[in-house]
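# Summary of structural features
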Amino acid sequence: MAPKPKPALSQPPPPPPLEDLFTTLNRHINASAYDNAVKLTDQILAVAPDDEDALRCKVVALIRADRVEDALSTIKSSRKQLDGFHFLKARQFLLSQNKLDEALESLKRQERNDETMLLESQILYRLGKMDACLDIYQKLQNSKIDNMEINSVAALVMAGRSSDVQGMLDSVRVKATSSFELAYNTACSLIARKKYTDAEQLLLSGRRIGQEILMEDNLPDDEIEIELSPIAVQLAYVQQILGRKQDAMEAYTDMIKRDMADESSIAVAVNNLVSLKGPKDVSDSLRKLDRLKDKETQGFRLAHGLDLKLSAKEKEAIYANRILLLLHANKIEQARELVSALPDMFPESVIPALLQAALLVRENKAGRAEEILAQFASKFPENSKVVHLARAQVAAAAGHPHIAADSLAKISDIQHMPATVATLVSLKERAGDIDGAAAVLDAATKWWSNAMTEDNKLNIIMQEAASFKLRHGREEDAAQLFEELVKSQGSIEALVGLITTVARMDVLKAELYEKQLKTLPGLKGIDVDSLERTSGVKQVEGPPVGVPETYEEGKNKTKTKKKRKRKPRYPKGFDPANPGPPPDPERWLPKRERSTYRPKRKDKRAAQVRGSQGAVVREKHDTGASSNNSNPKSNQGASKGAAQNAASEQTKPSSKSRKKSRN
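Only a predicted model underlies this, so the values are computations on that prediction, with no experimental measurement involved. (Residues numbered from 1 in each chain as written. Predicted model: local features only at pLDDT ≥ 70, side-chain atom pairs only at ≥ 80, totals over all residues. Heavy atoms only, no water.)

## Here's the deal with the overall build of the protein chain
Rule in force here: The helix count covers DSSP runs of H or I at least four residues long, the strand count covers runs of E at least two residues long, and both are numbered beginning at the N terminus. Categorising residues by exposure relies on relative accessible area from a 1.4 Å probe, with only protein chains included: less than 20% of the type maximum marks a residue as buried, more than 50% marks it as exposed, and the intermediate range marks it as partly exposed. Two residues form a contact once any of their heavy atoms are found within 4.5 Å. All accessible-area figures derive from a Shrake-Rupley calculation using a 1.4 Å probe, and residue coverage is judged against the displayed protein chains alone.
From N to C terminus, the protein chain includes 35 helices and zero strands. By residue count, 33% of the 663 residues in the protein chain fall in the buried class. Partitioning the intrachain contacts of the protein chain with sequence separation of at least 6 by distance along the chain shows that 46% fall at a separation of at least 24. A total accessible area of about 44,900 Å² is found for the protein chain, and carbon and sulfur atoms account for 51% of it.

## Topic: unusual backbone geometry
The phi torsion at R173 lies on the positive side, around 60°, for a residue other than glycine. Note on placement: R173 falls in the loop between α12 (165-172) and α13 (180-192). Non-glycine residue D259 carries a positive phi angle of around 55°. Assignment of secondary structure puts D259 in the loop between α17 (245-258) and α18 (263-277). The exposure class of D259 is partly exposed, given its relative accessible area of 43%.

## Quick word on the pattern of salt bridges
So the rule is basically this: Put simply, a salt bridge is a Lys or Arg side-chain nitrogen that is within 4 Å of an Asp or Glu carboxyl oxygen.
The tally for this structure, following the rule as stated, stands at 23 salt bridges. Where R244 meets E200, a salt bridge forms, and the shortest distance between an N and an O atom there is 2.5 Å. Separated by 44 residues along the polypeptide, R244 in the loop between α16 (229-241) and α17 and E200 in helix α14 (residues 196-216) bring together distant segments of the chain. By relative accessible area, R244 is classed as partly exposed at 31%. A salt bridge links R258 to D254; its shortest N-O distance comes to 3.8 Å. With a gap of four residues between them, R258 and D254 both fall in helix α17, about one helical turn apart. Judged by its relative accessible area of 42%, R258 falls in the partly exposed class. The network of salt bridges with shared partners includes K277, D284, R287 and K288.

## Observations regarding the packing of aromatic side chains
Selection criterion: Planes of paired rings set the category: under 30 degrees apart is stacked, over 60 is edge-to-face and the rest tilted, where pairs are Phe, Tyr or Trp rings (Trp by its six-membered ring) whose centres lie within 6.5 Å.
A complete count under the given rule lists five aromatic pairs for this structure. One aromatic cluster is present, built from ring pairs that chain together F300, Y319 and F346.

## Observations concerning the nonpolar core
The cut-off we apply is this: Residues grouped as a nonpolar core are buried Ala, Val, Leu, Ile, Met, Phe, Trp, Tyr and Cys residues, joined through side-chain atoms within 4.5 Å. Domain extents, as shown, originate in an automatic or database domain assignment.
The biggest cluster of nonpolar side chains holds 39 residues, and the ones touching the most others in it are I123, Y137 and L169. Breaking this core down by element, the ones donating at least two residues are α8 (100-107), α9 (114-127), α10 (130-139), α11 (148-158), α12, α13, α14 and α16. In terms of residue count, the dominant contributor to this core is α13 (six residues). Among the domains, domain 1 (18-157) and domain 2 (158-261) are the pair contributing at least three residues each to this core. Residues contacting L169, with those up to four places away along its chain left out, are E149, V153, V174, A176, L182 and T186. Within the second largest apolar cluster, 37 residues are counted, among which are A248, L276, L292 and L325.

## Section: a nonpolar patch on the surface
Put simply, the rule reads: Like-charged residues within 9 Å of one another, or nonpolar side chains (Val, Leu, Ile, Met, Phe, Trp, Tyr) within 5 Å, are grouped into patches, provided each residue has over 30% relative accessible area and no salt bridge.
On the surface, I492, V496 and L517 cluster together into a nonpolar patch covering about 220 Å² of accessible area. You can see L517 is positioned in the loop between α32 (507-514) and α33 (528-533). What makes L517 partly exposed here is its relative accessible area of 30%.

In C-alpha cells, the structure reads:
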C-alpha cells in the first residue's frame, strides 16, 4: 500500500492589526476591565515592543488593578523608554504606596520643569519636609499652575506657620472664599491660632460655596456630600472645642451611621467621637475603632488606604485613643502589644513614651516607667518638657519626691512660676532637703527681682519664702525678707510677720517695729495688761437677767396681730363628747415589739411519755370505790394522746428525710 500523505503543518494566524487591538483596549479601559486590558497590552507589546502608548496603558491598568508591584517592575524594566516620555503619572503610584524616597529618587532623573517640581513638592509634603515644600511653592508662584495657593496654605499650616497664611493670600491677591478648598485650609489656620468662631464662619461659607460650585457641575447629592465631608468634620470639631459637645456628637454620629463621606473623614469622625465620649461605654468605642482596622491582620493596624491618606498626627491620635480605651477596659495584653509597636511607627514622638509609662504605672511598675521617661528625655531633649512633667507626676505618686523634684528642676522655663516653686518646695520638704527648698525660693526671688514684667510675683514669692524660713528656724533670713517687703510694699501682713520674727531674737527691736502699727479704733480704754492676766471668758451661773419694763412694753406693742383660732376638724362620725377609749400608742409597732405581746406556749404535758419508745401504758384495774372509775378513762385518754404525739413526732424526721432525698 502506498503511504498516506502527511497533512501540511498549519500556519499560526497573523496577529490582528494594531488599530483593532487598540480599539479593543480602549473598550476594556472604559469598562474598567483592567485585567483584560493588561493582557491586551501584552499582545500589543509582543507585536510592537517599543510602542509607548501600549506601555503607558499597561502601567496605568496595573495601577488601577491594585497590582502596584507589577507596575513598578514594568517601569524598572522599561526605564530607558519611559525616561524620555516624562511619564510622571506612572510614578505617582509610588506616592500611593508610601514609597516616597523611591519616588523622589526617580524624579532626579527627570528634566526640571513645573510638572516635576509640583510632584516633588507633593512628595516632600508627604515626607513632612514642609520647609523644602514651601520653597518649591515659592518658586512656582509665577507659573500657570491652577490653585497653587491652596497647596501653599496647607503647607504653611502643617509647618506651624499659620500666622503667615493671611499675608501670603494678600500677596497673591486671593480671597479665602475664592474656593471651598481654600476656605477649608484657611479655616484650619484659624483653628491653629485658636480663632474658633472665625473658623466656624469661614467653614460655613466654604460649605455653601462648595454646594453651589458642585451643583453647577451636575454632581449627584451623594457625591456632593462626600466631597464636602471634610468641612463637615471640621465644623463638628470646632463645635466640640467651643463647648457645644452635644451638637458635635450628633454630627459625628450622623456621619458615621450614614457613611456618606470619604474614608479619611470617617476615621477622623470616629476618633473625635471616641475622644468626646471618653471612658463612657468603652466597648462601643472599641467597636467603632475596629471599623478602621485592617481586616487581614490579627492585631489592630489601620487599613492600608487609611494609612496612606491620614497624616502622622492623625494616625498617632487614633492609636493613642485605642490604647487608652484598652486600659479602661482592663485589656492589658492587647494594650501592651499595641504600645510595643508605636515607637517604630512614630520614633520621634513623645506619645509612645507616655503611653508606655501609663501602661507600666497600671501594672504597678512605677520605677520602670520613670526609667523609660528619663531615657526618652535624654534622647530627645527638644521634646522633653512634657516627659519631665509626666516623670515628676509618676514619681510623686509613687513616693519618690527626690526624683519628682529633679524632673521638675530640668524644665528651666517654668522654674520661676509660683506653682512650680510651691511644688518644688513641697517635694524637697518631703524628701528632707530643706536647704534645697530654700535654694529654690532664693532663686525664684532673684528671678522676679530682675524681671521687667507687669504681672510681677516678687511680693508673693518673698512672702512665702519668709514664712518658709521662719517655719524652719531661720529667723534672720525671714526677718530680712519681711523688712524688704515692709520697705517696698508697706503691707500690714509683712509688718506683722516682721514683728513676730524679730520678737524671737530682739524684743526691744520688735517693740520699735510695733509702734509702726496703727491703733485700732475703740481700743483706747482697754487695759492690755489686765486682759493678759485673765484666763478668758468664763460662764457665770446665776439668776436670769431681767428684762426692763420699758422693753417689755415696747415688745407688747409690736404684737398687734393675733392669730385666728380655728376649730378642730374631726373625722367623719366622731363624737367629741364621747370620744371612747384612747387609741393604742403602740398600734404602729409590729406585734412582736408591743408590750402586750405574749408568745404562744406549747403543751408540754402531751409529750410526757414514760417508758421505752412505743411502749403502751397498761390500765390498772381497781375494785375500789366507784369514785376512782374515772381515772382509768382519763389515763387511757392520756395514753392515747401520748401515743399519737409520739407517732407524730416520729413521722416528722422521716418527712424531712424524704424532702432531702427528693432534692
